[in-house]
Amino acid sequence: MASLAEPPGARPHSRTPARSPARSPGLSPALGPSRCGEERRKAASGVVQETQVRPVDLNHAIKLLEDASNRDLEDEQLEVLKKVVKSFENGLPLKDLAQIMDILNLCAEKVNKEEAFIEPVCELIKLWGLPFQKKRLSDEVTYSVAVSKCIAQLGCLMRVPSSQVRIQICKSIISFYKMELPKKLLPGYQPTSANYKIQMAELGGLAETLVLSLALVENQLTEKLWVLKALQHLSSSGVNCKHMMKAQAASRLCLYLNGTDPSGQMVFRSSEILWNLLESTSKEEVVNELSSLECVHALKEAFVDRLINGFRHCDHQLRNDLLVIATLVAQNSAASMIESGFTVLLIVLATFTEVKIPNPLLKGLKFTYSCEDFEMKKLLFNIIGIFSKDPHALQLLSENDVIPALLYYVKPHKKPGFHDWSAAQYEELQLHAIAILASVAPLLVDKYLSCQANTLLLVFLEWCIGQDPFFGQGNSFHGTGGRGNKLAQMRYSLRVLKSVVSLYDDAVNLNLCDQGAISQLLDILKYAANNSEQKDDAILLEIQANTLFILSALCENDVHRKQELFHHEGVDLLISFIQMDPKKLHSGLGHNRLLFSALDCLWSCVIGCYIAENYFLEQQGIFFLLDLLALKQKNLCNIILGILSEFCDNTKTVMHINTWRGENDQTAAKLLIQLWRQVELDLGVQRDRYGRIADVKRPIAGSFQKEQEVTPVPSGCPSFAVVEISENIRAKLYSLLCKLGFENLPGLSAKDFVTLAIIRRYIDFKVGEVWSEVCAELKEEFSPIASDEEILKVISEVSENVGKMVTAYQTEVLENHHHQEIHEEKKTYTKIRAVHKQKEMAKKSWEDFLTRTSNYEALKKAKRLQEKSIEASKSKLKTQNGSVHSTDIKGLGTTVGSGRLVTVESTPYHLVEGPLAATGLPPKRISFSEETLSKNKKS
């Protein structure tokens with residue numbers, strides 16, 4: 001057993017604040033044995049021997065101890081106790097534990113009167129540190145309830161006013177966690193499993209009893225240290241930690257952090273138990289206990305003591321442990337951090353090396369650049385971020401120059417010296433400081449401007465996109481994605497600018513624009529876009545999205561900035577983002593956020609500036625927006641419809657919208673109507689199978705809206721019918737179609753016209769819903785007079801009549817469409833009949849041809865018919881002074897037309913008149929082809 005007098009400095013403290021919450025099970029030798037439990041599972045190296053011991057009658061021993069009338073029995077009682085100890089020196093059988101505990105309880109009463117019983121009681125308690133003995137494998141389960149109660153009563157023996165007894169109880173409990181098998185066993189028995197006692201202690205609630213016993217040893221340092229050591233072992237179990245919290249262990253142990261202890265073990269053990277409670281139980285419950293003024297003050301004093309007087313490695317680690325606990329407590333708004341002075345101390349300490357202002361709170365502090373001090377610096381930056389969420393701490397943050405201290409890191413790192421942070425450490429502190437600045441700057445805007453923070457950030461961003469060599473380490477949480485580049489620095493600097501411009505403070509935004517922030521941000525946007533072409537990276541996407549947001553905030557409501565500073569270059573960049581591949585929107589890297597930022601920037605930086613709008617239209621920007629709208633993604637439709645509706649104030653926009661054609665030659669009007677139908681389907685609006693109104697009283701109400709009960713609301717509160725307008729996109733679809741016009745919309749079907757009739761009356765239907773709610777509320781609260789009731793009835797009838805009128809119009813549209821379909825069907829059928837008739841005639845002609853070629857009589861008959869037809873076609877008038885040519889071809893045996901080669905008889909010479917008569921040439925027979933004749937005609 002290790003002596004409690006050993007100083008903790010001889011063995012370093014085991015915890016470091018930089019490690020993850022899942023802590024190593026091992027402990028420092030000074031703070032207790034290892035939690036891995038290897039020692040408790042160690043088996044004896046030699047052969048276990050059995051021993052034959054004469055059994056003791058426990059019933060007789062109990063009766064002897066119960067006899068308090070005869071004082072002369074003391075020697076006999078002591079002798080019986082010695083025999084009991086001797087009999088069970090190799091372990092207590094499970095079946096005898098209850099009687100052994102009865103003996104201990106009887107002896108505990110005698111210790112108050114006779115000191116002679118102290119030693120045998122201690123010897124009996126020592127036996128509880130040995131493995132219990134069992135006869136059967138099932139004994140562990142059979143006696144589990146009795147054993148757990150006995151172990152719980154062992155903790156109750158701390159009431160005995162004897163230092164030896166109390167220390168022995170703690171030693172026996174500690175032995176549960178480093179169990180060793182005895183060299184001899186009772187005949188017929190075997191030891192229980194290694195974890196059996198630990199499980200029984202959890203079942204019996206021993207830890208809670210031990211925490212309560214701390215009040216009994218308040219003024220005994222040695223006993224208190226032993227109890228803390230036992231609790232340290234017990235707190236390795238989550239079950240025990242829950243039992244300890246029932247006894248308010250957190251607040252009790254916190255008050256021991258500053259107890260008088262030359263060995264220094266009390267603060268180490270108490271902090272270790274506090275850590276176990278935080279990790280194994282409800283963190284909120286522990287923090288609530290530590291949030292009282294007494295506990296916070298105790299944490300502060302312990303922290304300051306280790307900060308100023310601690311010079312060992314373990315002291316620095318303990319200081320950081322306490323700082324982590326203080327950080328958790330600071331997250332509780334009810335904690336007395338400011339009242340105790342802990343807040344101002346931590347703020348001053350966080351700015352100690354950057355501001356260089358002497359402060360009496362830190363008198364005697366020596367700051368080094370060790371790993372522990374580096375961890376403390378990061379923890380201090382982190383707690384500044386927590387304090388920024390507390391409105392009461394803002395004055396302290398301003399008075400102690402937190403903004404200048406954080407801005408100290410907004411600069412490139414120079415070559416580190418001997419007494420300085422390393423390059424990797426400085427980069428991590430730099431990124432951490434800039435990240436905290438993003439939280440603090442919006443709260444202290446005046447201090448931010450007075451330190452010229454915008455100038456520093458813009459110069460720093462210029463360095464980020466510059467060509468100066470820099471090899472980022474990227475080996476920390478904030479340095480993610482920044483290895484070998486400056487992307488991490490750019491990312492967090494833009495976060496700071498985003499946080500301050502989101503305030504829409506005119507002084508901040510004007511200061512940024514006067515320094516050329518817009519053109520510089522466009523350069524950053526191009527730089528990030530060029531890098532993202534090589535690879536899609538979440539860091540680059542965040543940089544682009546934040547840059548677009550800053551541009552939106554700077555250019556909104558300022559036409560000069562839109563026209564002169566953003567203009568063509570910015571519009572081209574926005575169009576490139578809007579043309580993003582839709583498949584990337586579901587990549588999970590942040591393309592979705594980037595697209596939303598681009599659309600928001602389009603709304604803020606382009607709309608409202610006539611020149612920028614026209615350039616966007618010239619670059620076919622409206623077409624790209626409609627392409628996005630055609631994806632029918634619910635999260636995109638709302639903002640795109642708003643942009644298109646705003647763009648329609650430009651007279652050229654409507655023509656672009658009507659010109660657009662989507663997939664399958666879809667028009668914009670048809671797309672908008674399809675979106676309307678999809679929204680109504682999602683809302684559960686009643687429609688018949690043709691899309692007509694099914695409920696004329698509430699034509700556009702969804703199923704959820706109809707289920708709502710009438711609840712009277714104040715006049716300043718919107719009713720459900722009004723709130724519903726902002727919860728879907730129907731109002732924006734109506735607005736956009738109003739600007740496009742409801743007449744002469746291209747590419748619509750009859751079903752689309754049926755839906756369009758509803759859209760056209762959207763405002764009338766919505767007014768009717770509001771009046772319906774007014775009537776229902778009035779009837780809930782009052783009884784309207786006859787005239788008012790008549791007026792309300794008329795209003796309701798008017799609204800219902802509008803629904804009936806729209807339904808009638810829809811029916812008329814469907815009937816006209818049906819008649820048109822019938823007419824088109826008849827025309828199509830006529831065409832089909834004509835085609836079939838032509839085919840039949842061609843078939844008959846072919847059959848006649850085959851008949852003529854195979855039947856000579858049929859051929860002759862056809863020939864006679866042909867000749868008759870020819871004769872019938874000849875003119876009956878006789879030609880005077882002219883030659884008559886025969887049309888028959890001699891020797892022809894077919895009834896089909898002749899070939900392309902024909903023979904023409906020339907006119908007799910004596911009948912020739914005109915120019916040919918002078919030649920004196922005799923006539924000749926010349927063969928002409930049709931091709932030659934056509935050429936001669938052309939010439």
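The structure displayed is predicted, hence computed values, not measured ones.

**Quick word on the overall build of the protein chain**
Inference 1: Counting its regular elements, the protein chain contains 43 helices and six strands.
Inference 2: Across the 939 residues that make up the protein chain, the buried fraction comes to 46%.
Inference 3: When the accessible surface of the protein chain is totalled, it reaches about 49100 Å², and 53% of it is carbon and sulfur.

**Comments concerning the confidence of the model for the protein chain**
Inference 1: For the protein chain, per-residue confidence averages 84 on the pLDDT scale, and 86% of positions sit at 70 or higher.
Inference 2: Note on residues 935–939: pLDDT is under 50 here. Beyond four places in sequence and across chains, it has zero contacts.

**Digging into the pattern of salt bridges**
Inference 1: Enumeration over the complete set of coordinates arrives at 35 salt bridges.
Inference 2: Across the salt bridge formed by lysine 378 and glutamate 375, the nearest N and O atoms sit 3.7 Å from each other. Of this pair, lysine 378 and glutamate 375 are both found in helix α19 (residues 371–387), three residues apart, which corresponds to roughly one turn of the helix.
Inference 3: We classify lysine 378 as buried; its relative accessible area is 16%.
Inference 4: Here aspartate 558 ties to arginine 561 by a salt bridge, and the two come within 3.3 Å at their closest N and O atoms.
Inference 5: Under the relative-accessibility criterion, aspartate 558 is labelled partly exposed at 22%.
Inference 6: Arginine 561 gets classed as buried once you look at its relative accessible area, which sits at 12%.
Inference 7: Each of Glu680, Arg687, Glu724, Arg730, Lys766 and Glu769 takes part in a single network of salt bridges with overlapping partners.

**Quick notes on a nonpolar patch on the surface**
Inference 1: A surface patch of nonpolar side chains, about 510 Å² in accessible area, is lined by Ile763, Val767, Trp771, Val774, Leu778 and Phe782.
Inference 2: For leucine 778, the position within the fold is in helix α40 (residues 762–781).

**What to know about the packing of aromatic side chains**
Inference 1: Counted according to the given criterion, the structure contains 14 aromatic pairs.
Inference 2: Taking the centre distance of 5.7 Å and the plane angle of 85° together, the rings of phenylalanine 381 and tyrosine 409 count as edge-to-face. With a gap of 28 residues between them, phenylalanine 381 in helix α19 and tyrosine 409 in the loop between α21 (402–407) and α22 (423–440) connect regions that are remote in the sequence. Like phenylalanine 381, the residue tyrosine 409 is buried in the burial classification.
Inference 3: A centroid spacing of 5.2 Å and a plane angle of 90° characterise the contact between tyrosine 408 and tyrosine 409, whose relative ring orientation is edge-to-face.
Inference 4: Directly above the aromatic system of phenylalanine 132 lies the positively charged group of lysine 197, at a separation of 4.4 Å from the ring centroid.
Inference 5: The aromatic ring of phenylalanine 549 is capped on one face by lysine 498, whose charged end is 5.4 Å from the ring centroid.

**Concerning the nonpolar core**
One broad rule of soluble globular proteins: the nonpolar side chains tend to lie buried together.
Inference 1: Counting residues in each nonpolar core, the largest one holds 252 residues, and the members touching the most others are Trp128, Leu277, Phe566, Phe616, Leu625 and Leu629.
Inference 2: The element best represented in this core is helix α28 (residues 538–555), accounting for eleven residues.
Inference 3: Excluding its chain neighbours within four sequence positions, the residues that come into contact with phenylalanine 566 are Ile518, Leu522, Leu551, Cys555, Arg561, Val571, Leu574, Cys601, Cys605 and Val606.

**Observations concerning helix α7 (residues 163–175)**
Working note: α-helix, 3.6 residues per turn, so residues spaced by three or four point in the same direction.
Inference 1: Given a rise of 1.5 Å per residue, 13 residues ought to cover 18 Å, and the 18 Å separating the end C-alpha atoms of α7 matches this to within 8%.
Inference 2: The buried fraction of α7 amounts to ten of the 13 residues, a majority that puts the element mostly inside the structure.
Inference 3: Regarding α7, the residues found buried are Val165, Arg166, Ile167, Gln168, Ile169, Cys170, Ser172, Ile173, Ile174 and Ser175.
Inference 4: Those residues of α7 that are buried lie in contact with α4 (118–126), α6 (144–156), α9 (206–212) and α10 (221–234).

**What to know about the packing of helix α1 (residues 58–66) against helix α3 (residues 97–111)**
Inference 1: Two elements in contact, α1 and α3, have axes whose closest approach is 10 Å; the angle formed by their N-to-C orientations is 20°. It follows that α1 is roughly parallel to α3 by the angle criterion. The way α1 lies across α3 gives a crossing that is left-handed. Contacts between α1 and α3 involve Leu58, Asn59, Ala61, Ile62, Leu65 and Glu66 from the first element and Gln99, Ile100, Asp102, Ile103, Leu106, Cys107 and Lys110 from the second.

**Some points on the environment of isoleucine 174**
Inference 1: Considering the arrangement of structural elements, one finds isoleucine 174 in helix α7.
Inference 2: Taking C-alpha positions, isoleucine 174 is 5.5 Å from alanine 230, a pair spaced 56 residues apart along the chain.
Inference 3: Residues within four places of isoleucine 174 in sequence aside, it is in contact with Trp226, Lys229, Ala230 and His233.

**Comments concerning the side chain of aspartate 261**
Inference 1: Relative to the helices and strands, aspartate 261 is located in the loop between α12 (249–254) and α13 (265–280).
Inference 2: Engagement of the side chain of aspartate 261 in a polar contact is seen with the backbone nitrogen of glutamine 265, the distance being 2.8 Å.
Inference 3: Once residues lying within four places of it in the same chain are set aside, the contact partners of aspartate 261 are Leu221, Leu225 and Met266.

**Notes on the packing of helix α25 (residues 487–501) against helix α27 (residues 517–534)**
Inference 1: At a minimum axis distance of 13 Å, the contact between α25 and α27 shows a crossing angle of 140°. Between α25 and α27, the interaxial angle falls into the category oblique. For α25 against α27, the interelement crossing comes out left-handed. Mapping the contact onto sequence places Leu487, Met490 and Leu494 in α25 and Leu521, Ile524 and Tyr527 in α27.
Inference 2: Taken together, the residues that form the contact of α25 with α27 break down as six nonpolar, no polar and no charged.

**Let's talk about unusual backbone geometry**
Inference 1: In this model, aspartate 401 sits at a positive phi of 55°, which is unusual for a non-glycine residue.
Inference 2: One can find aspartate 401 in the loop between α20 (394–399) and α21.
Inference 3: Residue class for aspartate 401 comes out buried when judged on its relative accessible area of 18%.

**Side note on the environment of lysine 498**
Inference 1: In this structure, lysine 498 sits in helix α25.
Inference 2: Classification of lysine 498 as partly exposed rests on a relative accessible area of 28%.
Inference 3: A polar contact of 3.4 Å, which involves the side chain of lysine 498, links it to the side chain of asparagine 546.

Definitions and cut-offs
Position numbers for residues count from 1 along each chain, tracking the sequence in the order it is written. The model is predicted, so local features are restricted to residues of pLDDT at least 70 and side-chain atom pairs to those at 80 or more, both for listing and for counting; the totals for chains, interfaces and linings are taken over all residues. Excluded from the side-chain calculations are hydrogens and water; all other atoms, namely the structure's heavy atoms, are used. Only DSSP runs of H or I with at least four residues qualify as helices, and only runs of E with at least two residues qualify as strands; both kinds are numbered from the N terminus onward. Partly exposed describes any residue whose relative accessible area lies between the buried limit of under 20% and the exposed limit of over 50%, with all areas from a 1.4 Å probe on protein chains only and scaled to the type maximum. Each accessible area is a Shrake-Rupley result for a 1.4 Å probe, and residues are judged covered by the shown protein chains and nothing else. The predictor rates its confidence in each residue with pLDDT, a number between 0 and 100. A contact between two residues is defined here by any heavy atoms of the two lying within 4.5 Å. Should a side-chain nitrogen of Lys or Arg be within 4 Å of a carboxyl oxygen of Asp or Glu, the pair is scored as a salt bridge. Distance thresholds for patches are 9 Å for like charges and 5 Å for nonpolar side chains (Val, Leu, Ile, Met, Phe, Trp, Tyr), applied to residues having over 30% relative accessible area and no salt bridge. Put simply, two rings from Phe, Tyr or Trp (the six-membered ring, in Trp's case) pair if the centres are within 6.5 Å, and we call them stacked under 30 degrees between planes, edge-to-face over 60, tilted for the rest. Put simply, a charge is over a ring when the Lys NZ or the Arg CZ is close to the ring centre, within 6 Å, and near the line of the ring normal, within 35 degrees. Nonpolar core, defined: a set of buried Ala, Val, Leu, Ile, Met, Phe, Trp, Tyr and Cys residues in which side-chain atoms within 4.5 Å join the residues together. The length a helix should cover is 1.5 Å for every residue beyond the first. Where helices are involved, their axes are fitted lines through C-alpha atoms of the stretch in contact, as for all axes, and angles between N-to-C directions lie from 0 to 180°. If an angle is under 35 degrees, it is roughly parallel; if it is over 145, roughly antiparallel; if it lies from 65 to 115, roughly perpendicular; otherwise it is oblique. By convention, the crossing between two helices is left-handed when the near helix turns anticlockwise from the far helix through less than a right angle, and right-handed when the turn is clockwise. N or O atoms closer than or at 3.5 Å make up a polar contact, with two conditions inside protein: a donor-capable atom paired with an acceptor-capable one, and, for residues adjacent in sequence, both atoms drawn from side chains. Here the nonpolar group is Ala, Val, Leu, Ile, Met, Phe, Trp, Tyr, Cys and Pro; Asp, Glu, Lys and Arg are the charged ones; every other residue, Gly included, is treated as polar.

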